[in-house]
Structure formats: structure tokens, C-alpha cells
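Structure assessment
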Amino acid sequence: MDVLLGLLIIAVGSFGQSSSYVPINKVKEWSWESFWLVQGIFAWLVFPLLGALLAVPAGGSLWQLWSSGGALQAVIYGVLWGVGGLTFGLSMRYLGVALGQSIALGTCAAFGTLFPALFAGTDLLRGDGLMLLCGVCITIAGIAVIGYAGSLRSANMSEEEKKAAVKDFALTKGLLVALLAGVMSACFALGLDAGGHIKEAALNGGVAPLYAGLPVIFLVTLGGFCTNAVYCIRQNIKNHTGREYFACNGRVLANNVLFCALAGVLWYSQFFGLETGKSFLTDSPVLLAFSWSILMSLNVIFSNVWGIILKEWRGCGRKAAGVLVAGLLILIASIIVVAMAQQ
């Protein structure tokens, strides 16, 4: 029962993340960089900080937890992950929710599994390490198939249809950005590992396992916010869009802040759900070890559900739709292979 509850919590968080880009359509009179910066304040600062406060031991503080070790490393990994978060948003801009998230999250699932194994000294050419490497190769194959589905979609649609589905659709640029996003986003998993001592300190201080990992999440997202804020402010200056924060009337400003906050809390829900859900998987080491891959695979599935709802694949043709489904199945197969390697 605990395992099912843990998986359900992770699934709910995944659905929240996959839904976080929907509020973009409700933001008015703001450029991409303006929206991205404001939603980032909520997604990477406000809500992660509120979550971290749930894990403060009685009579203690966040500073005491962070001094347990690993805080700086978690922030540095967060800065690197921030590059992934930034390009992840751009991949949605150029490819849409379905295709952009499929490629970026598929890559993230692969490297989020491979990087920790490499840093732990796992031999990827023998035994379980070889099985892990095979799983990563299958994942990359799935990404290639999904990319091919995107090219078929592009070939079958007129320019008007592409712009109607995704305003700034650009296949080649989008694929490169999404691949970079996936590789760099895997640094989030490394950041969580780096903050292991902080989580242990919270547990030793009497914090419930449900919340013990939340202070580490804040450190990683803090690093990510720094990367994204620098880029967005630079774009505000370059494109003269900084005035957008103040030029709109009060009603538009309230609307935009509200939907940015909604996007932020939905995005944060994936990692809140991951950490709280993992606390129910401690009796199942395989599921616990691959909770990151489970989250990413669910994100891919839910993002494509939203892609269908938002009609991003309308007019793509049956062949493109069939290839997309095949790519998703290959990604699921890669997770199964990796899970088998741990048994």
C-alpha cells in the first residue's frame, strides 16, 4: 500500500509539472523572458523556500541544516541545472509542450541515471553497469525516434499550421536546445545527492521523512534561479522588454503575476512530490533508486497528453503520430531495462 501511495504522489507531482506550461497562454503583453523570470521567482525561490521550512527541526534553523555539508555543491549543481531549466523553457517555445518535453525529459532521464553511476565509480562495461549503459542507449534511441516524429510533423504541416500550434516553431533549433536541456537538467539529480548530509541532519533532528529532502531542493533551485535570472535580465535589457513589468495596467499585471505563480507552484510540485513520494518507497530499493527515472517518464507521458489536448499534433499525419507513440514506448523500455539492472 505504501508503494502505491508513493507512486501516486510522484504521479500527481508529475502531472503538475507537465501542466505548468499551460498558464503561459494566459499571460498577456509580456515577452518570453519577462514571463520566465517572474514564474521562476515562484518556481525556484518562493515555493521551494516554503517547502524547505517544513523540514526545520524544532529549535533549529535552515542555516543549521545547510551547514551539515554539501550545500555549496548542491548550489553549484543547481547553477548547471539552471542552464537546463533555461533551455528547457526554450524547447517548449520552439517545439511545443509535447515534443519539447519528450526530448528534454527523455534525455534527462537517461543522463540522470548515468551521471550518478559514473560519479560512484560504476564500471559501465561490465555487469550492472553494462545494463545501465544499455538502458541509456535505448533511451537515446527513443529520443531519436521522437525527433523523427517531429520532422514528419514538420513536413506534413504548412507554415500557418505550425505557427497555429506553436507560435515560434523551429524544429532544428528546438531539437538542439531540448537535447542540451535534458543533459544539463540531469544535474538536478546530482544536486540532490550532494545534499545527502543535509537530509540526514533533518532526519536526525526529528523531521518526518516526508519532508527531510526539501531543504536540499531549495539549494538546487536557488542555483538554477541565478542562471535563469542573469539570462532573462540580459534579454530584458537587450530587447528593451524590462518596461513590460510596469507598462501594463493593474489588471493585466495582476493576471500575469497570478498565472506566473500558478505555473511556479505546478512546476515545483514535481520535486515536492518526488521527495515526499520517495519516503513511501524505502521498502522497495529498486523503485527508490529509480524514482528519478519514474518521474521523468511520467512527465513525458503527461506532456504528450497536454500536447494532444492543446492540438499541437493536429495535422501531423498518422505516420508521425505512430512514430511518436513508438518513441514513447522505447523510452518506457529503457526504464524497464535500467530497473532490471538493479534487481
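You'll find the structure just up there.
The notes below deal with the structure included here.

Basis of the calculations
- Residues numbered from 1 in each chain as written.
- Predicted model: local features only at pLDDT ≥ 70, side-chain atom pairs only at ≥ 80, totals over all residues.
- Heavy atoms only, no water.
- Axes fitted to C-alpha atoms, helices over the stretch in contact; angles between N-to-C directions.
- Helix = DSSP H or I, 4+ residues; strand = E, 2+ residues; numbered from the N terminus.
- Parallel < 35°, antiparallel > 145°, perpendicular 65-115°, else oblique.
- Left-handed = near helix turned anticlockwise from the far one by under 90°.
- Contact = heavy atoms within 4.5 Å.
- Nonpolar A, V, L, I, M, F, W, Y, C, P; charged D, E, K, R; others polar.
- Salt bridge = Lys/Arg side-chain N within 4 Å of Asp/Glu carboxyl O.
- Buried < 20%, exposed > 50% of the residue type's maximum accessible area, 1.4 Å probe, protein only.

1. Some words on the packing of helix 1 (residues 2–19) against helix 15 (residues 291–309)
Orientation of helix 1 relative to helix 15, taken along the N-to-C sense of each, is 45 degrees, at an axis distance of 8 Å. Taken as axis vectors, helix 1 and helix 15 run oblique relative to one another. As for how helix 1 packs across helix 15, the hand of that crossing is right-handed. When helix 1 is examined against helix 15, the residues Leu-7, Ile-10, Ala-11, Ser-14, Phe-15, Gln-17, Ser-18 and Ser-19 are found in contact with a partner set consisting of Ser-291, Ile-294, Leu-295, Leu-298, Asn-299, Phe-302, Ser-303 and Trp-306. Classifying every residue of the contact of helix 1 with helix 15 by side-chain character gives nine nonpolar, seven polar and no charged.

2. Brief notes about the pattern of salt bridges
Summed over all chains, the structure comprises two salt bridges. With a closest N to O distance of 3.5 Å, Glu-275 and Lys-199 form a salt bridge. Taken together, the positions of Glu-275 in helix 13 (residues 250–278) and Lys-199 in helix 10 (residues 196–204) put the pair 76 residues apart, joining distant regions of the chain. With a relative accessible area of 5%, Glu-275 lands in the buried category. Ionic pairing is found between Lys-278 and Glu-275, a salt bridge with its closest N-O pair at 3.4 Å. Here Lys-278 pairs with Glu-275, and both are found in helix 13, just three residues apart, close to one helical turn.

3. Describing the environment of Gly-191
Here Gly-191 is to be found in helix 9 (residues 187–194). Sequence separation between Gly-191 and Val-75 is 116 residues, and the spatial gap between their C-alpha atoms is 7.2 Å. Not counting residues within four places of it along the chain, the set of residues in contact with Gly-191 comprises Ala-74, Tyr-77, Val-216 and Val-220.

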